[in-house]
Number of protein chains: 2
Amino acid sequence: MTEKKKWDIKRTLKQQRIKSVHSITEGKVIPTENIVEVMEKIIQSGDRVILEGNNQKQADFLARSLEKVNPQTVNNLHMIMPSVSLPEHMNIFEMGIAKKLDFAFAGKQSVRISQMLADGILEVGAVHTYIELYSRLYCDLIPNVALVAGYTADKKGNLYTGPSTEDTPALVEAPAFKDGIVIAQVNKIVDTVDDLPRVDIPGDWVDFVVEADKDFFIEPLFTRDPRLIKDTHILMAMMAIKGIYAKHKVQTLNHGIGFNTAAIELLLPTYGEKLGLKGKICQHWTLNPHPTLIPAIESGWVESVHSFGGELGMEEYARHRPDVFFTGSDGSMRSNRTMCQMAGQFAADMFIGATLQMDAEGNSSTVTHGRLSGFGGAPNMGHDPRGRRHASDAWMDLITDHDQDILKGKKLVVQMVETFQSGEKPTFVDKLDAVDVGQHSNMPIAPVMIYGDDVTHVLTEEGIAYLYMAQDLEERKQMIAAVAGVTHLGQTITKDQIDKLRAEGKVATPQELGIKRSEATRDLLAAKNMNELVKWSEGLYEPPAKFRSW
Amino acid sequence: MTEKKKWDIKRTLKQQRIKSVHSITEGKVIPTENIVEVMEKIIQSGDRVILEGNNQKQADFLARSLEKVNPQTVNNLHMIMPSVSLPEHMNIFEMGIAKKLDFAFAGKQSVRISQMLADGILEVGAVHTYIELYSRLYCDLIPNVALVAGYTADKKGNLYTGPSTEDTPALVEAPAFKDGIVIAQVNKIVDTVDDLPRVDIPGDWVDFVVEADKDFFIEPLFTRDPRLIKDTHILMAMMAIKGIYAKHKVQTLNHGIGFNTAAIELLLPTYGEKLGLKGKICQHWTLNPHPTLIPAIESGWVESVHSFGGELGMEEYARHRPDVFFTGSDGSMRSNRTMCQMAGQFAADMFIGATLQMDAEGNSSTVTHGRLSGFGGAPNMGHDPRGRRHASDAWMDLITDHDQDILKGKKLVVQMVETFQSGEKPTFVDKLDAVDVGQHSNMPIAPVMIYGDDVTHVLTEEGIAYLYMAQDLEERKQMIAAVAGVTHLGQTITKDQIDKLRAEGKVATPQELGIKRSEATRDLLAAKNMNELVKWSEGLYEPPAKFRSW
């Protein structure tokens, strides 16, 4: 070798960057007013930059500050954002500060992403599921800078992230141990570690902390007002409880965000109790602290809840129910999206969620024309984890052919959808919009949320299709059509064909399940409005203002 | 409600347990000589107890101490051990201290587990893959106590776990946030956090620390002496590089522990270089710091390595190659089995490993008669993660039918085995021993390591079977038979049938790949012995004594 190879280029660069802001920082503390100047010196054009946008918590002060850097100085950033939620997240692309985006979920910004992609303002690396995106931070997408959020920090960078820990540990660990730079915005900086409620992330992993101009933005995304639950939701919830949960003895599960699953939660202490199911189903949950789960918890249905993130208003309730929720030495809740997604993947017997579109083979997507929404955790939890090796009643119950030496159970992946979306758009379609979106956006594959061959049950107001029992693709398609109602797809199957599937136990209508449609009324809800949820919680649940209408 | 329900039973119990040892502890510090007494007070019969046994690092002082508790006082424990490696791990079952075991891997204790299971001394909950076991700690297997190991702690419980962080964060987080009790053995206790190299786990998460009687046991499990690499390994390694890595442009990957993959690592700077593959394959790795990877690293083949655990002797080398390895603010390496398994699952395009037995359909297992070995990380990395949504060249290259609207790539799962194991036992068998073991042990399913339909490539000294191209199960079986040599299975296929598969590109022999068997000699190895590895490392690699023979 003629010249000695350097092996610490990244470390040297990090030291240089930190040194460059020496005069405008106080140790690890960045004075609030200096954040833009620090960013301009610390972040280099072309850097891979994590900007923490989670399902709930947003590093919004850092997002607003990044928007203010001079695009002449800092540009062409490759942004890594689990959730793209704020206008600022997209503005930086329009300003040329950022160019490429890798993400997992886009809520309110899904239309804009789609438009900017079409206009060539933005390149999309890929649409991931959450832990897939975190995984790549440790492999082929190692970040240079991470901009994250916590409640409180001390001057040495120790962070308290508490109930809203969410994605932060996974986002911080990669740059912290690969000579990247970690900047955390917090609501408050305290002097020493003893002034923190507890330490969620060690100060060693954090290079800078900055007190934000206001508390970080957080959204109560998982709060569903029981007043908006309709009789159809209740009918479907009854079918789910009797025809899926009880049938397969589901004990470990994840619930999605919809009114359907909220209805299930509110029916456990009433309908579930009547069926004598307490203790026999639904004891271990991987989900956020849903307010609609309060009556089930108070009635003793729930052994444990591990959460991806927190839920605004549920902080005190969780603090007072430590036997159920994961809480820290200070008493407040701890969430962790990585661990909860892992538990949802490998430990949970069932994922139940919804979709905007499903095709004849059962492929589903929430990506529709003009909306590149991403899928968050659904692809991870909505598939059969083939690395799972432990058995459970529910997992074993999905084995259809026992006449084999080598058996394998299966995870329940349930899609619970009404046959029509609001606006009378059919849920069941001939072709997913996602196919065209993928082609128009030059994506290598269509952005499918859950693949048809991973779905084990489709539940609509018409009935349940037990897809795991399908002999082949043709029968799977028939079974989906059987519950697709009066959609075009639903009209491709005859009554005789449906009756045959019913007779074979492959499709069940409310009739088969012994459920009268007339029973499915709001009277069955353990709580009919937010106020009743607050009462169930003994006043511990404090709904955000927009949900207070009593 | 007549009586007010208690919601902090676990917390109250924790406080009581901690109070009960007040007089024999000094704050969070347990005097070494008091550990058994502390355990007898803190651990209650029937508790779920994590005892940290990892692939490398062992909480051996705590294991030895647990063996000394009075079985009259503490018994029927439900042990959770990722890796069961030490005699002490099994002795506690014989003594009645423990009764049930959930684990992921059993190396040297696999025979004893099998025997004790047969004798009814032990119940096995399940044999997991690592992150499946961690996942359950947050769901339906929440622990009461965790006994773990680190290098150094301060008196507030802050832990330095450094290069051997391994499973510790995942094992500690669950009990720390669910009112369990965490006890960490360390090699040394220092006064304050400033005396620690860095903090890997915050003191808030740790209830007690104890200085062990000697440094924790750690095994260099991933060190392969190049002297033991045979010409057959080299032939197979050449086939892997040309017929798999280069063919599919594999950039992100995991390597198993065997001599075959060690040979691949040592051929990259010679044979790989000759083929002009540098930069085109193998840039991002999820694996432990294998000494045999040193020449490839030094030759500039490797962009990044994230590790499950450390490797004894590689500490200084990793410290001096921070651009490649993940290192902390103190300069030493950081490993993390959870994040690395996740990266190996979701970010890596390829898993390549070996097995002891494979059946005609491609199912494989390392469980053989009398040995309940477990599988460690193989089931997790050796399957197609159906939640993955990002594309790469290798992943897309496994799509065989492009004539579909909805496509999906596939992970490469490569089984690299000689047709006969040492002792002339055939690798290819009519029935896996695991089937009988499962039945005799009353396991609900046979302990299969990797399922046949997850395997995309089988590579033997005879050739490569590209199983992902198989039209159906019948053809998959033919393709496996085609590379099964003179085993019974290999004799079930005719030369004409093999030639047809070769002509269709579904099977490739060395001839198809343009590899002469005579070229496959040890001369191709970049390092032929441990001493040459040390030289490549510029003296930074310090092999453990048992590998020093020059």
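Our subject in this report is the structure included herewith. The model shown is predicted, which means the values in this text are computed figures rather than measured ones. (Residues numbered from 1 in each chain as written. Chains lettered and ligands numbered in written order. Predicted model: local features only at pLDDT ≥ 70, side-chain atom pairs only at ≥ 80, totals over all residues. Heavy atoms only, no water.)

## Re the side chain of Arg17 of chain B
All names here are of chain B.
Phase 1: Relative to the helices and strands, Arg17 is located in helix H1 (residues 9-20).
Phase 2: Polar side-chain contacts of Arg17 include one of 2.7 Å to the side chain of Asp47.
Phase 3: Leaving out residues up to four positions away in the same chain, Arg17 has contacts with Ile42, Ile43, Gln44, Asp47, Asn144, Val145 and Ile181. (Helix = DSSP H or I, 4+ residues; strand = E, 2+ residues; numbered from the N terminus. Polar contact = N/O pair within 3.5 Å; in protein donor to acceptor, adjacent residues only side chain to side chain. Contact = heavy atoms within 4.5 Å.)

## A closer look at the interface of chain B and chain A
Phase 1: Every contact between the two is made by 95 residues of chain B and, on the other side, 94 residues of chain A.
Phase 2: Here chain B packs against chain A, burying approximately 8,200 Å² in sum over the two surfaces, 59% of which is carbon and sulfur.
Phase 3: Summed over the shared surface of chain B and chain A, the result is 10 salt bridges.
Phase 4: Two residues, Asp194 of chain B and Lys156 of chain A, come together in a salt bridge whose shortest N-O distance is 3.5 Å.
Phase 5: Taken together, the links from chain B to chain A amount to 48 residue pairs in polar contact (both at pLDDT 80 or more). (Buried area = accessible area lost by both parts, 1.4 Å probe. Salt bridge = Lys/Arg side-chain N within 4 Å of Asp/Glu carboxyl O.)

## Details of the pairing of strand S12 (residues 252-255) of chain A
Residues and elements named next belong to chain A.
Phase 1: Burial of S12 is two-sided: the residues Thr252 and Asn254 facing one way and the residues Leu253 and His255 facing the other way are all buried.
Phase 2: As for the winding sense of the linkage, the β-α-β connection from S12 through helix H9 (residues 259-274) to strand S13 (residues 284-286) is right-handed.
Phase 3: As paired elements, S12 and strand S15 (residues 350-353) share 3 bridges and run parallel to each other. Bridged to Leu253 within S15 is Met350. (Buried < 20%, exposed > 50% of the residue type's maximum accessible area, 1.4 Å probe, protein only. Right-handed = clockwise from strand over helix to strand, strands pointing away. Pairing = 2+ DSSP bridges.)

## Let's talk about the pairing of strand S7 (residues 145-154) of chain B
Residues and elements named next belong to chain B.
Phase 1: Counting buried residues along S7, 10 of its 10 residues qualify, which places the element largely inside the surrounding structure.
Phase 2: Alignment of strand S2 (residues 48-51) against S7, held across 3 bridges, turns out to be parallel. Among the inter-strand pairings, Val49 is bridged to a residue of S7, identified as Val145.
Phase 3: Here 9 bridges tie S7 to strand S9 (residues 181-190), and the two strands are oriented parallel to one another. Directly across from Thr152, in S9, lies its bridge partner Lys188.
Phase 4: Sheet topology note: the S7/strand S8 (residues 159-160) ladder contains 2 bridges and is antiparallel. From the neighbouring strand, Ala153 faces S8, where its bridge partner is Leu159.
Phase 5: The hairpin formed by S7 and S8 contains 4 residues between the paired strands, and Gly157 there has a positive phi angle of roughly 95°.

## Thoughts on the side chain of Thr456 of chain B
Residues and elements named next belong to chain B.
Phase 1: As for its placement among the helices and strands, Thr456 is situated in the loop between helix H15 (433-440) and strand S19 (457-460).
Phase 2: Only 2.8 Å separates the side chain of Thr456 from the side chain of His457, close enough to count as a polar contact.
Phase 3: In this structure, Thr456 is in contact with Leu398, Lys410, Lys411, Leu412, Val413, Val414, Ala465, Tyr466, Leu467 and Tyr468, ignoring residues within four places of it in sequence.

## Here's the deal with the nonpolar core
Phase 1: By size, the foremost hydrophobic cluster in this structure holds 159 residues, and its most contacted members are Leu62, Leu66, Met79, Phe93 and Tyr245 of chain A.
Phase 2: Residue contributions to this core peak at 10 residues, all from helix H8 (residues 231-248) of chain A.
Phase 3: Look past the residues within four positions of Leu66 of chain A in its chain and what remains in contact with it is Met39, Ile43, Leu77, Met79, Ile92, Ile97 and Leu147 of chain A.
Phase 4: Formed by 158 residues, the second largest nonpolar core is a distinct cluster that contains Ile399 of chain A together with Tyr160, Met238 and Ile515 of chain B. (Core = buried A, V, L, I, M, F, W, Y, C linked by side-chain atoms within 4.5 Å.)

## Some details on the packing of helix H4 (residues 87-94) of chain A against helix H5 (residues 110-118) of chain A
All names here are of chain A.
Phase 1: Running from N to C, H4 and H5 point in directions that differ by 10°, and their axes come no closer than 10 Å. Between H4 and H5, the crossing angle belongs to the class labelled roughly parallel. Facing Pro87, Met90, Asn91, Phe93 and Glu94 of H4, the residues of H5 in contact are Arg112, Ile113 and Met116.
Phase 2: Split by residue class, the contact of H4 with H5 holds 5 nonpolar, 1 polar and 2 charged. (Axes fitted to C-alpha atoms, helices over the stretch in contact; angles between N-to-C directions. Parallel < 35°, antiparallel > 145°, perpendicular 65-115°, else oblique. Nonpolar A, V, L, I, M, F, W, Y, C, P; charged D, E, K, R; others polar.)

## Some thoughts on helix H8 (residues 231-248) of chain B
Since the α-helix advances by 3.6 residues per turn, residues separated by three or four positions end up pointing in the same direction.
All names here are of chain B.
Phase 1: Given a rise of 1.5 Å per residue, 18 residues ought to cover 26 Å, and the 25 Å separating the end C-alpha atoms of H8 matches this to within 8%.
Phase 2: The largest bend in H8 comes to about 30°, at Ile241.
Phase 3: Counting buried residues along H8, 13 of its 18 residues qualify, which places the element largely inside the surrounding structure.
Phase 4: A positive phi of about 55° marks Lys249, the residue just after H8. (Expected span 1.5 Å × (residues − 1). Bend = angle between axes of the 7 residues up to and from the residue.)

## Some thoughts on the relation of the copies chain B and chain A
Phase 1: You can overlay chain B on chain A at an RMSD of 0.0 Å; the transform is a turn of 180° with a shift of 0.0 Å along its axis. Those values place the two copies in the arrangement expected of a two-fold rotation axis. Measuring from the rotation axis to each C-alpha of chain B, the shortest distance belongs to Pro202 of chain B, at 3.0 Å.
Phase 2: The residues that chain B uses at the interface reappear at the interface of chain A in 99% of cases, marking a shared surface. (Least-squares fit on C-alpha atoms with pLDDT ≥ 70 in both.)

## Observations concerning the sheet that holds S13 of chain A
Phase 1: Spatially, S14-S13-S12-S15-S18-S19-S20-S21 (chain A) is the arrangement adopted by the 8 strands of the open sheet, whose pairing is mixed. Looking at the sheet topology across the chains shown, the edges are occupied by strand S14 (304-306) and strand S21 (507-508) of chain A.

## Side note on the state of the cysteines
Linking two cysteines covalently via their sulfur atoms produces the bond known as a disulfide.
Phase 1: Within the structure shown, the criterion is met by 0 disulfides over all chains.
Phase 2: This cysteine, Cys282 of chain B, is not joined by any disulfide, and Cys139 of chain A carries the nearest cysteine sulfur, 12 Å off.
Phase 3: Judged by relative accessible area, Cys282 of chain B falls into the buried class, the value being 0%. (Disulfide = S-S within 2.5 Å.)

## Quick word on the packing of helix H12 (residues 337-347) of chain A against helix H12 (residues 337-347) of chain B
Phase 1: Across the interface, H12 of chain A lies against H12 of chain B with an axial gap of 12 Å and an inter-helix angle of 55°. Viewed along their axes, H12 of chain A and H12 of chain B adopt a mutual orientation that is oblique. Judged by the sense of rotation from one axis to the other, the crossing of H12 of chain A with H12 of chain B is left-handed. Across the interface between the two elements, Thr338, Met339, Met342, Gln345 and Phe346 of chain A from H12 of chain A touch Thr338, Met339, Met342, Gln345 and Phe346 of chain B from H12 of chain B.
Phase 2: Tallied by class, the residues present in the contact of H12 of chain A with H12 of chain B amount to 6 nonpolar, 4 polar and no charged. (Left-handed = near helix turned anticlockwise from the far one by under 90°.)

## Section: the sheet that holds strand S21 (residues 507-508) of chain B
All names here are of chain B.
Phase 1: Strand order in the open sheet made by the 8 strands is S14-S13-S12-S15-S18-S19-S20-S21, with mixed pairing throughout. Two strands close off the open sheet at either side, each with one partner strand: strand S14 (304-306) and S21.
Phase 2: Alignment of strand S12 (residues 252-255) against strand S13 (residues 284-286), held across 2 bridges, turns out to be parallel. Pairing of Leu253 across the sheet is with Trp285, part of S13.

## As for the packing of aromatic side chains
Phase 1: Per the counting criterion, the structure on display carries 14 aromatic pairs over all chains.
Phase 2: When the ring of Tyr130 of chain A is compared with that of Tyr134 of chain A, the centres are 6.5 Å apart and the planes differ by 20°; the resulting orientation is stacked. With a gap of 4 residues between them, Tyr130 of chain A and Tyr134 of chain A both fall in helix H6 (residues 130-136), about one helical turn apart.
Phase 3: By relative accessible area, which is 0% here, Tyr134 of chain A ends up buried.
Phase 4: Between Tyr151 of chain B and Phe216 of chain B, the ring centres sit 5.0 Å apart and the planes meet at 55°, which makes this aromatic pair tilted. You can see Tyr151 of chain B sitting in strand S7 and its partner Phe216 of chain B sitting in the loop between strand S10 (208-211) and strand S11 (217-218), a full 65 residues away along the chain. (Phe/Tyr/Trp six-rings, centres within 6.5 Å; stacked < 30°, edge-to-face > 60°.)

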